[in-house]
Amino acid sequence: MLNALIGYYSRTGNTKMMAKAVAQGVKKEGLGVEVLPLNKIKPKDLLRYDLIILGSPTYYGLMAGEMKKFIDESVKYHGKLSGKVGGAFTSSGGIAGGGETTILSILEAFLIHGMIVMGEAGSYHYGPVAIEKPDKKVLTGCELYGHKLARLTKRIFAK
């Protein structure tokens, strides 16, 4: 069975809500999925998953320091994540709060690891962004995002 990790850092619970919605979409494609707060994940754990989706709040247009530290520590496994599918999402304090740059900073790290990322022609080009508490539209977008990434993962790893 293909496995997915939805890892997140959340102080207020907004990013956690998004993580759960992303996981619902992944489950619809039949992948095994774990939704874990960042403090319950070690960088070596990433090796066990086919699909890795990380969520972080936006702080000054970038991912939270805790997420950056985690990604920095993943350098020990550089090259070993190559070919896995990756995605990212964020919660932000305002419309021009840097949500897209936060997602892009996570996706850049995934690309450097050799991972596969997928854009979206619809409303969330890089990945879902919530402004403050995610509303129904955002949560639906998160679920759809998880579904699309899981479907891509199945296509890539089809036997």
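Anyway, here's the lowdown on the structure attached to this text. (Residues numbered from 1 in each chain as written. Predicted model: local features only at pLDDT ≥ 70, side-chain atom pairs only at ≥ 80, totals over all residues. Heavy atoms only, no water.)

**Some remarks on the overall build of the chain**
Each helix and strand counted, the chain has 4 helices and 7 strands in total. Start at the N end of the chain and walk to the C end: the helices and strands fall as β-α-β-β-β-α-β-α-β-β-α. For the chain, the C-alpha radius of gyration of 14 Å lies close to 15 Å, the compact-globule estimate for 159 residues. The buried share of the chain, reckoned over its 159 residues, is 50%. By sequence separation, contacts in the chain at least 24 residues apart represent 81% of the contacts at least 6 residues apart. (Helix = DSSP H or I, 4+ residues; strand = E, 2+ residues; numbered from the N terminus. Rg over C-alpha atoms; globule rule 2.2 N^0.38 Å. Buried < 20%, exposed > 50% of the residue type's maximum accessible area, 1.4 Å probe, protein only. Contact = heavy atoms within 4.5 Å.)

**Observations regarding the side chain of Ser91**
For Ser91, the location among the structural elements is in strand S5 (residues 85-92). In this structure the side chain of Ser91 is engaged in a polar contact, spanning 2.7 Å, whose partner is the side chain of Thr15. The residues contacting Ser91, other than those within four sequence positions of it, are Asn14, Thr15, Met18, Ser56, Pro57, Thr58, Ala130 and Glu132. (Polar contact = N/O pair within 3.5 Å; in protein donor to acceptor, adjacent residues only side chain to side chain.)

**Some words on empty space enclosed by the protein**
In the structure shown here, the tally under the stated rule is 1 cavity of 30 Å³ or more. Considering only enclosed or pocket space, the largest cavity measures out at about 40 Å³ in volume. Split by residue class, the lining of the largest cavity holds 7 nonpolar, 2 polar and no charged. (1 Å grid on protein atoms, 1.4 Å probe; cavity = no way out; pocket = protein on both sides within 12 Å on 5 of 7 lines; lining within 4 Å. Points joined across faces, edges and corners; volume = space filled by probe spheres on them. Nonpolar A, V, L, I, M, F, W, Y, C, P; charged D, E, K, R; others polar.)

**Structural notes on the environment of Arg155**
With respect to the helices, strands and loops of the structure, Arg155 is situated in helix H4 (residues 136-156). Judged by its relative accessible area of 62%, Arg155 falls in the exposed class. Sequence separation between Arg155 and Pro37 is 118 residues; the distance between their C-alpha atoms is 27 Å.

**Here's the deal with helix H3 (residues 99-112)**
For H3, spanning 14 residues, the distance from its first C-alpha to its last is 20 Å, which sits close to the expected 20 Å at 1.5 Å a residue. Looking only at H3, the buried set comprises Gly99, Thr102, Ile103, Ser105, Ile106, Leu107, Ala109 and Phe110. At its buried positions, H3 is contacted by strand S3 (51-59), strand S4 (62-63), helix H2 (65-73), S5, strand S6 (116-117) and strand S7 (129-131). Gly114 lies just past H3 and shows a positive phi near 85°. (Expected span 1.5 Å × (residues − 1).)

**Overview of the packing of helix H1 (residues 14-28) against H4**
For the pair H1 and H4, interaxial distance at closest approach is 6 Å and the crossing angle is 40°. Between H1 and H4, the interaxial angle falls into the category oblique. Note on packing geometry: the crossing formed by H1 with H4 is right-handed. Of the residues in H4, those touching H1 at Met17, Met18, Ala21, Val22, Gln24, Gly25, Val26 and Lys28 are Val138, Leu139, Cys142, Glu143, Gly146, His147 and Ala150. Among the residues forming the contact of H1 with H4, the class breakdown is 9 nonpolar, 4 polar and 2 charged. (Axes fitted to C-alpha atoms, helices over the stretch in contact; angles between N-to-C directions. Parallel < 35°, antiparallel > 145°, perpendicular 65-115°, else oblique. Left-handed = near helix turned anticlockwise from the far one by under 90°.)

**Let's talk about the pairing of strand S1 (residues 3-8)**
For S1, the tally of buried residues reaches 5 of 6 residues, placing the bulk of the element in the interior. Between the parallel pair S1 and strand S2 (residues 32-37), the chain is carried across by H1, and the sense of this crossover is right-handed. (Right-handed = clockwise from strand over helix to strand, strands pointing away.)

**What about the pattern of salt bridges?**
Across all of its chains, the model carries 8 salt bridges by this definition. The salt bridge involving Arg11 is made with Glu66; its shortest N-O contact spans 3.7 Å. Placement of Arg11 in the loop between S1 and H1 and of Glu66 in helix H2 is noted, with a sequence separation of 55 residues between them. By relative accessible area, Arg11 is classed as exposed at 59%. The partly exposed category is assigned to Glu66, whose relative accessible area is 32%. A salt bridge links Glu120 to Lys148, with the shortest nitrogen-to-oxygen separation between them at 2.5 Å. Taken together, the residues Glu120 in the loop between S6 and S7 and Lys148 in helix H4 connect sequence positions 28 residues apart. (Salt bridge = Lys/Arg side-chain N within 4 Å of Asp/Glu carboxyl O.)

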